[in-house]
Amino acid sequence: MSSHIRLALDWTPNTNHTGFYVALARGDYERAGLTVEISTPDQDKYQTTPAKRVAQGEADLAITPSESIFSYQANGVPLVAVAAVLARDASAVVTLRQSGITRPRQLDGKVYASYAARYEDDIIRQMIQNDGGNGQFISHQPARLDIWNSLLTGEADATWIFLPWEGVEADIRGIELNQFLLDDYEIPYGYSPVLAANRDWAEQNADLLHRFLTATAAGFRFAVDNPDEAARLLIDSSKHPTLTNRNFVEQSQLSASGYYLDADGHWGYMHRNVWASFANWLIRNHLLTDADGELIQRVDAATLFTNAYLEGVPEAVKL
């Protein structure tokens, strides 16, 4: 059985991905008997999502939002989350402080820069409604790499960001933001991103996957303990043109490292209640449909994820 694993990233290399690059650079994968090939979506100009690459057999593992797990399973593809890349949500919907848009309800009639991700605009609409608005906004879809800039140039009034990435960039540049956290507006958002696999592939390659996750967890734990060195390894091993500002990457790494491990020091482990809460929210809001367009009334959260391949992975040492 091959020891080669193909990992499809969800974005150009960034500090959500540091543990993978650290494990690669420090030889954790090699010591586990693995050859890991990492691909980035800009290689095909974002034509194929990482989840679709797994579904088509072009990758073994994909980094993807939990929404993709719901969407693919609803359409008969056995995509399953095998690890949470981040232990808790590190995202927020943001507006510029100078815009005066200080609450989601003020986004009625405004322009939202969208990634066109599954359920994204529905989530934004519900956030606005939960804050007392009517949820009628203009969804604008810039090129993926222009979404953040569309907020800065005034082309859009709001967008969804990762706080350890665009949030850090804003801090460094002195750009003040208003942040709307989904949980504050009664949206029980799931893990994002997660590491996803085809369930059949995972079952057939259980030992391989366990060794990969064990090595990856070591990479993320190293990043928590050594953020500056981890930032250097990310830059040096990814060799990507978007990672040229070492100061920014180091500050982003310091922020991102606070999201990697759960309260028990584990990387990757997922809790059923997080999946169940998001599933129930999607169902209540009539957002889950099957391949025929029929509403899905029930989802067994246990089918969406598994911690089985993380069993026995060491936790971080408490200092």
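Here we summarise the structure given alongside this text. (Residues numbered from 1 in each chain as written. Predicted model: local features only at pLDDT ≥ 70, side-chain atom pairs only at ≥ 80, totals over all residues. Heavy atoms only, no water.)

**With respect to the sheet that holds strand β9 (residues 177-180)**
Point 1. The strand order across the open sheet formed by 5 strands is β7-β6-β8-β5-β9, and the pairing between neighbours is mixed. In this open sheet, the two strands that pair with only one neighbour each are β7 (138-140) and β9. Shown here is a sheet whose adjacent strand axes are inclined to one another by a mean of 35°, direction ignored.
Point 2. Together, β5 (91-96), β6 (111-113), β7, β8 (158-162) and β9 form the strand contacts of helix α5 (residues 120-130), whose direction differs from that of β6 by roughly 140°.
Point 3. Set on the sheet, helix α7 (residues 163-173) makes contact with β5, β8 and β9; between it and β8 the angle comes to about 115°. (Pairing = 2+ DSSP bridges. Helix = DSSP H or I, 4+ residues; strand = E, 2+ residues; numbered from the N terminus. Axes fitted to C-alpha atoms, helices over the stretch in contact; angles between N-to-C directions. Contact = heavy atoms within 4.5 Å.)

**Section: the pattern of salt bridges**
Point 1. Within the structure shown, the criterion is met by 11 salt bridges.
Point 2. R6 is the salt-bridge partner of D60, the closest N and O atoms lying 3.0 Å from each other. With a gap of 54 residues between them, D60 in the loop between α3 (50-55) and β3 (61-64) and R6 in strand β1 (residues 4-8) connect regions that are remote in the sequence.
Point 3. D207 is paired through a salt bridge with R211; the nearest N and O atoms lie 3.0 Å apart. One end of the pair is D207 and the other is R211, both in helix α9 (residues 206-225) and 4 residues apart, which spans about a single turn. (Salt bridge = Lys/Arg side-chain N within 4 Å of Asp/Glu carboxyl O.)

**Notes on unusual backbone geometry**
Point 1. Of note, the amide linkage connecting S192 to P193 takes the cis form, showing an omega dihedral of 0°.
Point 2. You can see P193 is positioned in the loop between β9 and β10 (194-198).
Point 3. Phi is positive for E186, which is not a glycine, with a value near 60°.
Point 4. On the secondary structure map, E186 appears in the loop between β9 and β10.
Point 5. The exposure class of E186 is exposed, given its relative accessible area of 64%.
Point 6. The phi torsion at K239 lies on the positive side, around 50°, for a residue other than glycine.
Point 7. With respect to the secondary-structure elements, K239 resides in the loop between α10 (227-238) and α11 (246-256). (Buried < 20%, exposed > 50% of the residue type's maximum accessible area, 1.4 Å probe, protein only.)

Nothing here speaks to function; it is all geometry.
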